[in-house]
Amino acid sequence: MTDQTQYLPGGQLTPDEETIDLKEIWRIIRVNRWVIFISFLVVLAGTIYWTFTSQPVYEAKSTLLIKKGQSSAGAMVFDLGGMAATQHINNEIEILKSFSLHEEVVRDFIASGQANQMNLFGTKYVQRRYRFWSYIVDFIFGEDAPTKKPEELTDQDIIRIAGRLRGIMNVSSSRDTDIINVSMTSNDSLEAMTLTNAIANKYKEWDLSGARGEMGVVLAFLKEQVDNYERRLKASEDSLKVYQEEQQIFSLDGSADLLLQELSKYEGIYYTNMAEMQVAQERVEYLKSQLNENEKQLLEDITNTNNPMIIALRQRIADMEAQKVQNMVEKGWAEDSPQVRDFDRRISEMKERLRNTTENLILSGWSEEDPFAASQDLFKKILEQEIEVYAAGSRVNEYKKLVDQYNSQLNQLPLRVLNYARLERERRLNENLFLTMKQKFEESRVTEAGQIGKVRILDPAIMSEKVKPNKKLNLLLGAFLGFGLGIGIAFIREYLDNTVKSVEELEKIGVSFLGIIPEIQTDAANGDDASQPTMGGVRFRSRLITHFDPKSPISEAYRSIRTNLTFSSADKQLKSLMITSAGPGEGKSTTIANIAIAFAQLGKRTLLIDTDLRRPVLHNVFQIKRTPGITDYLTGNEADYNNVIQSSGVDNLSIMAAGNLPPNRSELLGSRSMGELVDKLEQEWDMVLLDSPPIVAVTDAAMVSTEIDALMLVVKAGETDKGALRRAIDALKQVRAPIVGAVLNGATASTMYGSYYYYYQYYYYTQDGDKKKSKRSAKKAIGK
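**Q** Sorry if this is basic, but what is going on with the overall build of the protein chain here?
**A** When helices and strands are counted, the protein chain shows 28 helices and 13 strands. Considering only residue pairs separated by 6 or more positions, the protein chain has 82% of its internal contacts joining residues 24 or more positions apart. Taken as a whole, the protein chain presents about 38900 Å² of accessible surface, with 51% of it coming from carbon and sulfur.

Given below as structure tokens:
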């Protein structure tokens, strides 16, 4: 016995120690390879079944071209600066996605009767494929049938179907082009094409109706003006003819005629500009009618703003228009003169600045997701026309001043001449206005006839392709998912598994490593004698590998542990050794029996004592009687301890069995008599080994550990809980037990990794012939 004590390193792990390296990851995958393989097969099989039994999904695609710079209302009638506004591609996409467009398509299908045979309306059944339970459901409940006929659908039903139609549509734009791709998916290939073409045609119809709708307003106004001026012209001609016949005046003198020409000229220009302003106002009213109430209020707030920049620009445009008219009259500038062109350029610049300022004010609170985003171009058109209204109004005011001035001069003529001049002026004015309006009306009719809108269907949907299921992609994803699921399960199992599985984990807990004991395989096949119980000990006896096959690699592992134990104490020879474990069933009895034989084979007189008074098994292992034993000596039933020592059948090895099992086992092992017995045995025997019960279960081992030279723990790979092992070590540290280290028992190739894997390979796998021989030798010895 010795007073020497050993302490374990600290139990806390550093972050570096807790990290999982690649070797450990490989070990986890290798240990769980069947789990990974089964998960892979199950997921892949499910993917294959789902892929080949799911309903096919077909996609039809149509390609649209959005023409840049194409005005939705055609060319300008009075050349007021143009209605051409660049259509932003995102706005067109939003229009295609609009709920109103899809609702109209749904109503068109209902009106045309196509809804009676469409999967979208639930009026066309699409058979499920190869799904056994689907056939059963159809057989019991019947095929899916629509709850209502298309003509019986309410507005709420139509809204729901329109929402479903939007859900199966995809709209995208080609980068750096004005191309929009519209696609629809359906379980029916023909229906996919029908839906795609219906959306594309409805969108084109919307665009064309919007363009021609604005021009229709202009034509209606011009037609009304033509008819009006035609009546006025006829009336003025009749009045002039009657006056000529009555007064016998058929012409004016030179000055009066010149005055009348100038008045007629400017009065014609005045009424022409007045008509242009009215046309612009009609356009504004029509465009405003396309807005909803919220958009109208927003536009009203912007146009009636008190922004000083906008007010100043409007006034500047009006002033420049007035100044141009004045100079043309007073200085005689022609329409194509450099001075007039310079004025037109400056006025255009002012209009552009006003347009940009107003647009920035409108767009300052807008985002791409704003509900008004699709109406941005409409706002821009309205702003452009309102600018033209301001400009035309300024010209009208100036020409009105000129007309009034010439009228005052005309009124100074003699009454008889004045009446004639007025009638002639009215005729000339009505004639000029009638011809002008007639010309503009005919031009507008030509423009309307040539109006094709900005949308062109490049490629209608003439075929649909199967897009789902994508067999190759599904199988590839299924394979990756199955493999990933298996890996995930493996790591979850590893995370939930708190057992010690490797030497590295054993060392992290803070206990010295003494050796690896590979798993001992016992052959129970073919009714072998080794598998038949004899005194309850054959199952244990077959594990005495160091006795039955001393040349086997496993026997070499036990001898390696014997060597490590021998040199575990540098300052004193090891005389007594206790072997225990954290819990039951971890192989401590098998380990101590083989180590005892290994010491005996070294020529040392070895005594093996069974102090596991809870479940003693050594007497079965060596096929001896349990009584008398150590308890009989400690209780005084045997005066001489030599009387309780029995032969094991192995040279140099004797056994002291457990004896009768008393109720006060822990007290008996912790008694003074036990300490004195160990001291005596250490003096008479070269090596004394004690088989102790598990630490966590009972306190017997802790009671005896203070009386021996060294204590070794047996850890079962894949079974010993790390928490239980730490608690066992803490319990031994509290009594200052001389722990020399631990052995890893039952190690297999699947539980080993790192440098110790090669250690295991050397002792177990490199000598396959010896491995088989050790099994045969064990069976043969037991049979004898």
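**Q** I'm lost on a nonpolar patch on the surface in this one. Help?
**A** A cluster of nonpolar side chains, W34, F37, I38, L41 and V42, forms an exposed patch at the surface whose accessible area comes to about 530 Å². For I38, the location among the structural elements is in helix α3 (residues 33-53).

**Q** Is there a simple way to think about the sheet that holds strand β11 (residues 687-691) in this case?
**A** Sheet strands line up and pair through hydrogen bonds in the backbone, either parallel or antiparallel. Taken in spatial order, the eight strands make up an open sheet running β6-β13-β12-β7-β11-β8-β10-β9, and their pairing is mixed. Here the strands that pair on one side only, and so sit at the sheet edges, are β6 (513-518) and β9 (645-647). The sheet shows a mean angle of 25° between the axes of neighbouring strands, direction not considered. Bridge count for strand β12 (residues 710-716) against strand β13 (residues 739-747) is six bridges, and the pairing is parallel.

**Q** When you look at the confidence of the model for the protein chain in this model, what are you seeing that I'm missing?
**A** In regions of low pLDDT, the predicted coordinates are not meant to be interpreted in detail. Residues with a pLDDT of 70 or more make up 73% of the protein chain, whose mean pLDDT is 75. The low-confidence segment residues 1-18 (pLDDT under 50) makes 32 contacts with residues lying over four places distant or belonging to another chain. In the predicted structure, residues 366-374 sits below a pLDDT of 50 and forms 15 contacts with residues beyond four places in sequence or in another chain.

**Q** Sorry, what's going on with the pairing of β11 here?
**A** Side-chain positions along a regular strand alternate between the two faces of the sheet. The buried count for β11 comes to five of five residues, which makes it a mostly enclosed element. With burial as the criterion, each face of β11 is covered, one bearing M687, L689 and D691 and the other bearing V688 and L690. Strand direction decides the pairing type here: strand β8 (residues 606-610) and β11, joined by five bridges, are parallel. Considered in β11, the bridge of L608 is made with L689.

**Q** Please explain the packing of helix α2 (residues 22-31) against helix α15 (residues 471-496) as it appears in this structure.
**A** If you want to describe how two helices pack, look at the angle between their axes and the distance between the axes. Across the interface, α2 lies against α15 with an axial gap of 9 Å and an inter-helix angle of 105°. Relative to α15, the element α2 lies roughly perpendicular. On α15, the residues that touch E24, I25, R27, I28 and I29 of α2 are I487, A490, F491 and E494.

**Q** I keep staring at the side chain of R665 and nothing clicks. Help me out?
**A** Within the fold, R665 resides in helix α23 (residues 665-669). Given the relative accessible area of 19%, R665 is considered buried. Among the polar contacts listed, one links the side chain of R665 to the backbone oxygen of P662, at a separation of 3.4 Å. Every residue in contact with R665, bar those within four places of it in the chain, is listed here: L613, R614 and D700.

**Q** Which parts of the structure should I look at to understand unusual backbone geometry?
**A** In this structure, the amide linkage connecting K468 to the following residue, P469, adopts the cis form with an omega of -5°. Positionally, P469 belongs in the loop between β5 (464-468) and α15. That bond from T627 to P628 is cis: its omega, -5°, falls within 30 degrees of zero. Positive phi values are uncommon outside glycine, yet Q623 reaches one of about 55°. Tracing the backbone through its elements, the reader meets Q623 in the loop between α21 (618-621) and α22 (630-634). Relative accessible area serves as the criterion here: at 31%, Q623 is assigned to the partly exposed category. The backbone of N652 shows a phi angle near 70°, a positive value even though the residue is not glycine.

**Q** When you look at the packing of aromatic side chains in this model, what are you seeing that I'm missing?
**A** The geometry of an aromatic ring pair is captured by the separation of the ring centres together with the interplanar angle, meaning the angle of the planes. Per the stated rule, a full pass over the model turns up two aromatic pairs. Aromatic pair W34 and F37: ring centres 6.0 Å apart, planes at 85°, arrangement edge-to-face. Remark: F37 and W34 occur in helix α3; sequence separation between them is three residues, near one turn of the helix. By relative accessible area, W34 is classed as exposed at 58%. Ring plane angle 90° and centroid distance 6.0 Å describe the contact between Y633 and Y641, whose orientation is recorded as edge-to-face.

**Q** Could you clarify how one ought to interpret the packing of helix α5 (residues 99-112) against helix α7 (residues 155-167) in this entry?
**A** Running from amino to carboxyl end, α5 crosses α7 at an angle of 115°, the nearest separation of the two axes being 9 Å. One finds that α5 runs roughly perpendicular with respect to α7. Note on packing geometry: the crossing formed by α5 with α7 is right-handed. Every residue of α7 that contacts α5 at F99, H102, E103, V105, V106, R107 and I110 is listed here: D155, I158, I159, I161, A162, G163, L165 and R166. Taken together, the residues that form the contact of α5 with α7 break down as nine nonpolar, two polar and four charged.

**Q** Explain the nonpolar core here, please?
**A** One broad trend across soluble globular proteins is that nonpolar side chains are buried collectively. Core analysis: the biggest nonpolar cluster contains 47 residues, and M656 and L681 have the highest contact counts within it. Here this core takes five residues from helix α26 (residues 722-734), the largest share from any one element. Once residues within four sequence positions are removed from consideration, M656 is found in contact with L607, L608, I609, D610, I630, Y641, V644, I645, L677 and L681. Of all hydrophobic cores here, the second largest spans 34 residues; its members include L565, L577, L653 and V714.

**Q** Please clarify how α7 should be interpreted in this entry.
**A** For the α-helix, the turn length of 3.6 residues means that residues three or four positions removed from each other point alike. For α7, built from 13 residues, the straight-helix expectation of 18 Å at 1.5 Å per residue is met to within 8% by its first-to-last C-alpha distance of 18 Å. Those residues of α7 that sit buried are D157, I158, I161, A162 and L165. Here the buried residues of α7 occupy an arc of 135° about the axis, which is enough to place them on one side. In this structure, α7 carries Q156 and G167 as exposed residues pointing more than 90 degrees from its buried face.

**Q** For this particular structure, what's the right way to read the pattern of salt bridges?
**A** Where charged atoms of side chains with opposite charge meet at close range, the side chains can pair. Scanning the entire structure with this criterion turns up 20 salt bridges. Between D108 and K202 there is a salt bridge; the shortest N-O distance is 2.7 Å. Taken together, the positions of D108 in helix α5 and K202 in helix α8 (residues 189-247) put the pair 94 residues apart, joining distant regions of the chain. A residue is classified by how much of its surface remains accessible, and K202, at 6% relative accessible area, is buried. In this structure, a network of salt bridges that share partners links the residues E494, D497, K501, E505 and K722.

**Q** Got a minute to help me understand the side chain of S98 in this structure?
**A** With respect to the helices, strands and loops of the structure, S98 is situated in the loop between α4 (89-96) and α5. Of note is the side chain of S98, whose polar atom sits 2.6 Å from the backbone oxygen of I95. In this structure S98 touches R166 and W206, once residues within four positions along its chain are discounted.

**Q** It is not clear to me how the pairing of β8 should be interpreted in this structure. Could you clarify?
**A** Taken across its five residues, β8 has five buried, putting it largely inside the fold. Residues T606, L608 and D610 of β8 are buried on one face, and the alternating residues L607 and I609, pointing to the opposite face, are buried as well. Sheet analysis places β8 next to strand β10 (residues 653-656), joined by four bridges and oriented parallel. What sits directly across from L607, in β10, is S654.

**Q** Would you mind showing me how to read the environment of F40 here?
**A** Topologically, F40 is positioned in helix α3. Given the relative accessible area of 24%, F40 is considered partly exposed. It is 8.1 Å that separates the C-alpha atoms of F40 and G484, two residues lying 444 residues apart in sequence. Leave out the neighbours within four places in its chain, and F40 touches A479, G482 and F483.

Each value, and the rule that gives it
- Residues numbered from 1 in each chain as written.
- Predicted model: local features only at pLDDT ≥ 70, side-chain atom pairs only at ≥ 80, totals over all residues.
- Heavy atoms only, no water.
- Helix = DSSP H or I, 4+ residues; strand = E, 2+ residues; numbered from the N terminus.
- Contact = heavy atoms within 4.5 Å.
- Areas by Shrake-Rupley, 256 points an atom, 1.4 Å probe, with all protein chains shown as cover.
- Patch = residues over 30% accessible without salt bridge, like charges linked within 9 Å, V, L, I, M, F, W, Y side chains within 5 Å.
- Salt bridge = Lys/Arg side-chain N within 4 Å of Asp/Glu carboxyl O.
- Pairing = 2+ DSSP bridges.
- Axes fitted to C-alpha atoms, helices over the stretch in contact; angles between N-to-C directions.
- pLDDT = per-residue confidence, 0-100.
- Buried < 20%, exposed > 50% of the residue type's maximum accessible area, 1.4 Å probe, protein only.
- Parallel < 35°, antiparallel > 145°, perpendicular 65-115°, else oblique.
- Polar contact = N/O pair within 3.5 Å; in protein donor to acceptor, adjacent residues only side chain to side chain.
- Phe/Tyr/Trp six-rings, centres within 6.5 Å; stacked < 30°, edge-to-face > 60°.
- Left-handed = near helix turned anticlockwise from the far one by under 90°.
- Nonpolar A, V, L, I, M, F, W, Y, C, P; charged D, E, K, R; others polar.
- Core = buried A, V, L, I, M, F, W, Y, C linked by side-chain atoms within 4.5 Å.
- Expected span 1.5 Å × (residues − 1).
- Arc of directions from axis to C-beta.

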